[in-house]
Amino acid sequence: MTDDECKFCGIAAGRLTSSPVYEDDLVVAFMDLYPVTPGHVQVVPRAHVAELGGLDDAVGARLWSVARRVGTALRGGAVRCEGVNLFLADGEAAGQEIFHVHLHVFPRFAGDPFSIHAVWEEADRAVLDGQAARLRALVPRE
C-alpha cells in the first residue's frame, strides 16, 4: 500500500476529511468515523507506519503521550465518560484493518457496547518463566 492509498495518511496530510482533535509534527488525533462509543478518537503517526514494530521511539512515545492527554480530556467531561480504553491492534490476527498504526482512545461507561471476550485463567508459573526467558532474549535493549 502506498501512502496515497492509505486513509490515515490522507487524513494526516489533509487530503481526506476528518474531525481533528490534536495535531503536531509527529502525530494527529481525530474523531473515529465508526465510533465504539461517542467520543472515540484515533491517534496516528503522520508518517506511514504499517505495524507497531516499525515505529521509532520518538513517534511511539508521542503517540502514547497524546493518547493519554486525549483520555484525560475525555474524562474531563467532553462526552459521557466513566473510564477510558486505549486499544491498538497490530496485525490482521489482532484485528487490525487499516495497516497504518493507530491507537484507539475511547470513553467507557456502564452499559456501553464494547466488550472483550476472553478466557482469563491462571497460567502455570513454569510456563510463564519459560516464555519470559525467551522474550528477554529477544527484547532489544536501549
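Scoring rules and cut-offs
- Residues numbered from 1 in each chain as written.
- Predicted model: local features only at pLDDT ≥ 70, side-chain atom pairs only at ≥ 80, totals over all residues.
- Heavy atoms only, no water.
- Helix = DSSP H or I, 4+ residues; strand = E, 2+ residues; numbered from the N terminus.
- Buried < 20%, exposed > 50% of the residue type's maximum accessible area, 1.4 Å probe, protein only.
- Polar contact = N/O pair within 3.5 Å; in protein donor to acceptor, adjacent residues only side chain to side chain.
- Contact = heavy atoms within 4.5 Å.
- 1 Å grid on protein atoms, 1.4 Å probe; cavity = no way out; pocket = protein on both sides within 12 Å on 5 of 7 lines; lining within 4 Å.
- Points joined across faces, edges and corners; volume = space filled by probe spheres on them.
- Nonpolar A, V, L, I, M, F, W, Y, C, P; charged D, E, K, R; others polar.
- Core = buried A, V, L, I, M, F, W, Y, C linked by side-chain atoms within 4.5 Å.
- Expected span 1.5 Å × (residues − 1).
- Arc of directions from axis to C-beta.
- Phe/Tyr/Trp six-rings, centres within 6.5 Å; stacked < 30°, edge-to-face > 60°.

### Considerations on the side chain of His 40
At step 1: Relative to the assigned elements, His 40 resides in the loop between strand S2 (27-31) and strand S3 (41-45).
At step 2: What makes His 40 buried here is its relative accessible area of 1%.
At step 3: In terms of polar contacts, His 40 uses its side chain to reach the side chain of His 104, at 2.8 Å.
At step 4: Apart from the residues within four sequence positions on either side, His 40 is in contact with Phe 30, Met 31, Asp 32, Tyr 34, Pro 35, His 104, Val 105, Phe 106 and Pro 107.

### What to know about the layout of surface pockets
At step 1: Size it by volume and the largest pocket reaches roughly 670 Å³.
At step 2: As for the largest pocket, its lining consists of 25 residues, and the residues nearest its centre are Phe 8, Asp 32, Tyr 34, Gln 42 and Ile 98.
At step 3: At the level of secondary structure, the elements contributing two or more residues to the lining of the largest pocket comprise helix H1 (7-12), S2 and strand S5 (103-108).
At step 4: For the lining of the largest pocket, the element with the most residues is H1, which contributes three residues.
At step 5: Looking at the lining of the largest pocket residue by residue, the class counts come to 13 nonpolar, nine polar and three charged.

### So, the nonpolar core
At step 1: Residues Val 41, Val 43, Leu 55, Leu 63, Val 66, Val 70 and Val 105 are the most contacted members of the largest nonpolar core, which totals 16 residues.
At step 2: Those elements that place two or more of their residues in this core are S2, S3, helix H2 (57-78) and S5.
At step 3: Residue contacts for Leu 55: discarding those within four places in its chain leaves Pro 45, Val 49, Gly 60, Leu 63 and Val 101.
At step 4: The next biggest cluster of nonpolar side chains, apart from the first, holds eight residues, and it includes Cys 9, Ile 11, Val 28 and Phe 30.

### Structural notes on H2
At step 1: Taking 1.5 Å per residue as the helical rise, H2 with its 22 residues ought to reach 32 Å, and the 30 Å between its terminal C-alpha atoms agrees with that figure.
At step 2: Taken as a whole, H2 has its buried residues at Val 59, Gly 60, Leu 63, Val 66, Ala 67, Val 70, Gly 71 and Leu 74. The buried residues of H2 occupy an angular sector of 145 degrees when the element is viewed end-on, so they sit on one face. Pointing more than 90 degrees away from the buried face of H2 are the exposed residues Asp 57, Arg 68, Thr 72, Arg 75, Gly 76 and Gly 77.
At step 3: Contact partners of the buried residues in H2: strand S1 (20-23), S2, S3, strand S4 (83-87) and S5.
At step 4: Measuring from the backbone nitrogen of Ala 58 back to the side-chain oxygen at the start of H2 gives 3.1 Å, which picks out Asp 56 as the cap.

### Considerations on the side chain of Gln 42
At step 1: Here Gln 42 shows up in strand S3.
At step 2: A relative accessible area of 3% places Gln 42 in the buried class.
At step 3: There is a polar contact of 2.5 Å between the side chain of Gln 42 and the side chain of Asp 32.
At step 4: A polar contact of 3.0 Å, which involves the side chain of Gln 42, links it to the side chain of His 104.
At step 5: Apart from the residues within four sequence positions on either side, Gln 42 is in contact with Phe 8, Val 28, Ala 29, Phe 30, Asp 32, His 102, Leu 103 and His 104.

### Focus: the packing of aromatic side chains
At step 1: Scanning the model with the defined rule gives three aromatic pairs in all.
At step 2: With a centroid separation of 6.4 Å and an interplanar angle of 70 degrees, the aromatic rings of Phe 87 and Phe 114 are classed as edge-to-face. Residue Phe 87 is located in strand S4, and its partner Phe 114 is located in the loop between S5 and helix H3 (125-138); the two are separated by 27 residues in the primary sequence.
At step 3: What makes Phe 87 partly exposed here is its relative accessible area of 30%.
At step 4: An aromatic cluster of at least three residues, connected via ring pairs, comprises Phe 87, Phe 106 and Phe 114.

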